[in-house]
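Each chain, letter by letter, is given below.
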Protein chains: 2
Amino acid sequence: MMSGKDGAPAHLGGALAQFVVDSRWDDIPAAVRHEAKRTLLNHVGCAIGVAQDPAVRTALAVMRPFSGAPAATVIAQGVRLDPMAASFVNAIASNLLDYDDTHLATVIHPAAPVAPPALALAEQRGLSGAATLHAILLGIEVACRVGLGVSPGHYARGWHITASAGVFGAAAACAKLLGLSPAQTWHALGIAASQSGGLVENLPTAAKNVAVGNAARNGLLAALFAEAGYEAAPAAIEGALGWARATGDAIDGDAVAGDLATRWEAARNTYKPYPAGIVFHAVIEACLGLREQLGGAADTIDRVTVAGDALLLARGDREVRNERDARVSIHHAAAVGLIRGRAGVRDFEMAAVTDPALAAFRGRVTAQLDAVLPRGAARVQVRLVDGSEVIRTVTTPRGSLEMPMTDTELAAKFRENAALGGIAERSEALVDALWAIDAAPSLQGLSRLLA
Amino acid sequence: MMSGKDGAPAHLGGALAQFVVDSRWDDIPAAVRHEAKRTLLNHVGCAIGVAQDPAVRTALAVMRPFSGAPAATVIAQGVRLDPMAASFVNAIASNLLDYDDTHLATVIHPAAPVAPPALALAEQRGLSGAATLHAILLGIEVACRVGLGVSPGHYARGWHITASAGVFGAAAACAKLLGLSPAQTWHALGIAASQSGGLVENLPTAAKNVAVGNAARNGLLAALFAEAGYEAAPAAIEGALGWARATGDAIDGDAVAGDLATRWEAARNTYKPYPAGIVFHAVIEACLGLREQLGGAADTIDRVTVAGDALLLARGDREVRNERDARVSIHHAAAVGLIRGRAGVRDFEMAAVTDPALAAFRGRVTAQLDAVLPRGAARVQVRLVDGSEVIRTVTTPRGSLEMPMTDTELAAKFRENAALGGIAERSEALVDALWAIDAAPSLQGLSRLLA
């Protein structure tokens, strides 16, 4: 059942498994390998940034009594747990604010489910930095490809794809680190299919976190069960009663298993410069530019009109009552950009929501549909008290595929997160360790810095 | 958001939560309470029976390093693990052979996901037997009602409903034992929704076990997170991007939340006298009756014709190569009934599959469609070597809703399982302890016997 008529695996799980097993780090293009490093830097930084957040502390407190021997670092918590429990908490932290990486074609945040179990397993077993990074890259590739095969219907139907497809990536990454055979890796993916879950309906709540944490720990569990001899159905992913059909989709086999090792979805990963919904990034960037242009004189502004496409309007023309609203508000995005001249994590927290200056300014912002503007673009028109106007249009904000964040910008974001997480003094050492992770014989040094 | 216009909860999760919180053990009809005890007796027996099975031993071995402080008994393994890990293994064991309980309207095996976390939590916290049994009853009720609301489409689409609906029951049972508020219980159900999984495609493989184990441990996790303050979306179950729609169904709200505390789905639970697919029970019973009628003289039989409805024929007219085939084979069911005069666990194991006498006899059995026979019925026609014929028709085999197993039969099944699991010497004490569980101040006595 393992091979099709031309010797290639006959099922999607088999094809992905063969790819994972066959992949050699040195054969992967340097740019793709470097992207994996950028993904990891961004991932770790996001987890550090929210180390003090109550949602993360609660996840740690709930999971702690259910951990075996401490073997894996919980990022910036001064605690080690077993690899399953540590993966669970780290995945939740890195994805908490949706400030982590985004594979735009699927809207998967791929590092959150994939990197934590790989880091935990590698730390426990003393594996090299290159092996870890390789496993993370392959896991992200698998998660994004499985997600691509059922997009956009899967998310539209209510599946939180970061969790529901992420579990496949976590299983693949762990299978690679455990050195599983093609058949075992295939079974790991099939066992992952029976553990897939996570709902869009729950995204505005902490229940989101549990599903993301599960994707990480259950992917590891799938690989461990496959290693121990558990099997899964050959067509667990695409079969008549398998994952894709049960979740509602006929799966696109080429999207999942076409051009393996030549097309790299993992290289299409993107990183956010601002902890707000991606569609608001153009608004923020236009406003930051306008503020510079105006010399920071916010008090000369009379009113602001933000034009964007239907998605921007549908998502972002809202009253801002809490942090979640702030992160998806046209009005708040414009206000922080023009008033504060920055848009960092603190600028979307409750203190910013209730800041009288921001609140008043939000009331002077009007959202307007411009169906001609492309998805993700924004045009901001500022009318000054003297009656004059300035206009700025941004179509490819930083962090988009067309205008990726530079390595320098990613390092700066990391430092900001390190400061938020209370470990600013370690940020330079961490940045250095992460850029050099592929040369590290083990994760010991990194783990010590992350404790 | 907690109340509808007449004060009743406006959402399905809210209604179920209110029911769980309001329920008082003494208010529940005696027959329903007794059914819960029968369910538990059957559940524990099934888990004991497969204690030596490699699939169970593997689950224990994989999970053991990921357990916190030992606080909950793993049935018949001489091991205690933390409540999540113990629940995981016990759920797998009790459901391993599908010899456990069945809620026929949904085909949920409800005790497997629900009872293990309740038993584990109650053991850890020193709760009473009545509180435990009450929580199990309510959890089963919730699982079956949620399942009923999406049946039969849910299973038909590929969801292994024992796991995918079972997690709600596990969450409800644990919420009751933890004394959660209505709002917290509602959140626990919503968090459970984001953890629902399990695929029919994987049923012929060990991957099934992982999903069933997850339903148990993740239901417990959902309740613990709700207790710690995590929230879920009010309409996590029935919302536009919630569980029912994502899994493919518009949910029947009345089936889920109608007649709460008066209609008891948990009282419609059934137990199998034979470790074979339910549709084969009539075949077995007819053959056992015929054997008695013939005075056990199997060598006088020339050939056998088994008639049944389309489902029986579709499922059961097959070559028998392994244990799984044996449990869903018309030919094997007839052979063990007529040749061996019994149909216990051993009669469907590999030694029976390869037994030359059974193998030869299977070849003399012909399956035949009789569209007039009702679902679940069978007519067995035996032609003897002297040319004479005897016929027996069974429409309501033992274990059906119409002909439930008696308490005596359930105790006998338990003893057989205890012998298979290697703890025959404790079976009488266990039967006594389980029938008296509702009077036990704690689970200490039961747990000692189950160690």
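Residues numbered from 1 in each chain as written. Chains lettered and ligands numbered in written order. Predicted model: local features only at pLDDT ≥ 70, side-chain atom pairs only at ≥ 80, totals over all residues. Heavy atoms only, no water.

Engineer: Is there a simple way to explain the overall build of chain A in this structure?
Structural biologist: When you go through chain A residue by residue, the secondary structure sums to 22 helices and eight strands. In terms of overall size, chain A behaves like a compact globule, its C-alpha atoms giving a radius of gyration of 22 Å where 451 residues would be expected to give roughly 22 Å. Projected onto the principal axes, the alpha-carbon positions of chain A cover approximately 75 × 45 × 40 Å. Here chain A, with 451 residues, has 63% of them falling under the buried criterion. Here chain A displays about 15000 Å² of accessible surface, and carbon together with sulfur accounts for 52% of that area. (Helix = DSSP H or I, 4+ residues; strand = E, 2+ residues; numbered from the N terminus. Rg over C-alpha atoms; globule rule 2.2 N^0.38 Å. Buried < 20%, exposed > 50% of the residue type's maximum accessible area, 1.4 Å probe, protein only. Areas by Shrake-Rupley, 256 points an atom, 1.4 Å probe, with all protein chains shown as cover.)

Engineer: Explanation requested: the packing of helix α4 (residues 83–95) of chain A against helix α5 (residues 111–125) of chain A in the structure shown.
Structural biologist: A packed helix pair is summarised by two numbers, namely the angle formed by the two axes and the spacing between the axes. Residue and element names in this part refer to chain A. For the pair α4 and α5, the least separation of the axes is 8 Å and the interaxial angle reads 145 degrees. Here α4 runs over α5; the crossing is right-handed. Along its contact with α4, which presents P83, S87, N90, A91, S94 and N95, the element α5 presents A112, P116, P117, A120 and Q124. Of the residues that constitute the contact of α4 with α5, the class distribution is six nonpolar, five polar and no charged. (Axes fitted to C-alpha atoms, helices over the stretch in contact; angles between N-to-C directions. Left-handed = near helix turned anticlockwise from the far one by under 90°. Contact = heavy atoms within 4.5 Å. Nonpolar A, V, L, I, M, F, W, Y, C, P; charged D, E, K, R; others polar.)

Engineer: Teacher, can you tell me more about the pattern of salt bridges here?
Structural biologist: Where side chains of opposite charge bring their charged atoms close, a pairing between them can arise. Residue and element names in this part refer to chain B. Applying the stated criterion to the full structure yields 49 salt bridges over all chains. Between D249 and R157 there is a salt bridge whose closest N-O contact spans 2.9 Å. Of this pair, D249 sits in the loop between α12 (243–246) and α13 (253–257) while R157 is found in the loop between α7 (153–156) and α8 (161–164), placing the two residues 92 residues apart along the sequence. On the accessibility criterion, D249 (10% relative accessible area) is buried. (Salt bridge = Lys/Arg side-chain N within 4 Å of Asp/Glu carboxyl O.)

Engineer: For this particular structure, what's the right way to read the relation of the copies chain B and chain A?
Structural biologist: Note that the two copies of the chain are related through a rotation about an axis and a translation along the same axis. With an RMSD of 0.0 Å, the fit of chain B onto chain A corresponds to turning through 180 degrees and sliding 0.0 Å along the axis. Here the transformation between the copies is reduced to the relation of a two-fold axis. Most of the interface of chain B is mirrored in chain A: 100% of its interface residues are interface residues there too. (Least-squares fit on C-alpha atoms with pLDDT ≥ 70 in both.)

Engineer: I keep staring at the UniProt feature "domain: MmgE/PrpD N-terminal" (unreviewed entry) in chain A and nothing clicks. Help me out?
Structural biologist: Per the UniProt record, "domain: MmgE/PrpD N-terminal" (unreviewed entry) is found at residues 15–247 of chain A. The span residues 15–247 of chain A shows a helical share of 62% and a strand share of 3%, and its end C-alpha atoms are spaced 21 Å apart. (UniProt positions renumbered as here; feature names shortened; annotations may be inferred.)

Engineer: Is there a simple way to explain the UniProt feature "domain: MmgE/PrpD C-terminal" (unreviewed entry) in chain A in this structure?
Structural biologist: In the UniProt entry, the feature "domain: MmgE/PrpD C-terminal" (unreviewed entry) is given for residues 274–434 of chain A. Segment residues 274–434 of chain A splits into 43% helix and 16% strand. End C-alpha atoms: 21 Å apart.

Engineer: Would you mind showing me how to read the interface of chain B and chain A here?
Structural biologist: Put simply, an interface is often sized by how much accessible area is lost when its parts join up. Facing the 58 residues of chain B at the interface are 58 residues of chain A. Across the chain B to chain A interface the summed buried area is about 4400 Å²; carbon plus sulfur atoms make up 65%. Summed over the shared surface of chain B and chain A, the result is zero salt bridges. Counting every contact that joins chain B to chain A gives 30 residue pairs in polar contact (both at pLDDT 80 or more). Top contributing element to the side of chain B that touches chain A by residue count: helix α11 (residues 207–227) of chain B, with ten residues. Classifying every residue of the side of chain B that touches chain A gives 34 nonpolar, 18 polar and six charged. (Buried area = accessible area lost by both parts, 1.4 Å probe. Polar contact = N/O pair within 3.5 Å; in protein donor to acceptor, adjacent residues only side chain to side chain.)

Engineer: What is the right way to read the environment of F225(A) from this model?
Structural biologist: Inspection of the secondary structure assignment puts F225(A) in helix α11 (residues 207–227). Residue class for F225(A) comes out buried when judged on its relative accessible area of 0%. Taking the C-alpha atoms as reference points, F225(A) and I191(A), separated by 34 residues in sequence, lie 8.1 Å from one another. Ignoring any residue separated from it by four or fewer positions in sequence, one finds F225(A) in contact with I191(A), Y230(A), T58(B), A59(B), V62(B), F88(B) and V210(B).

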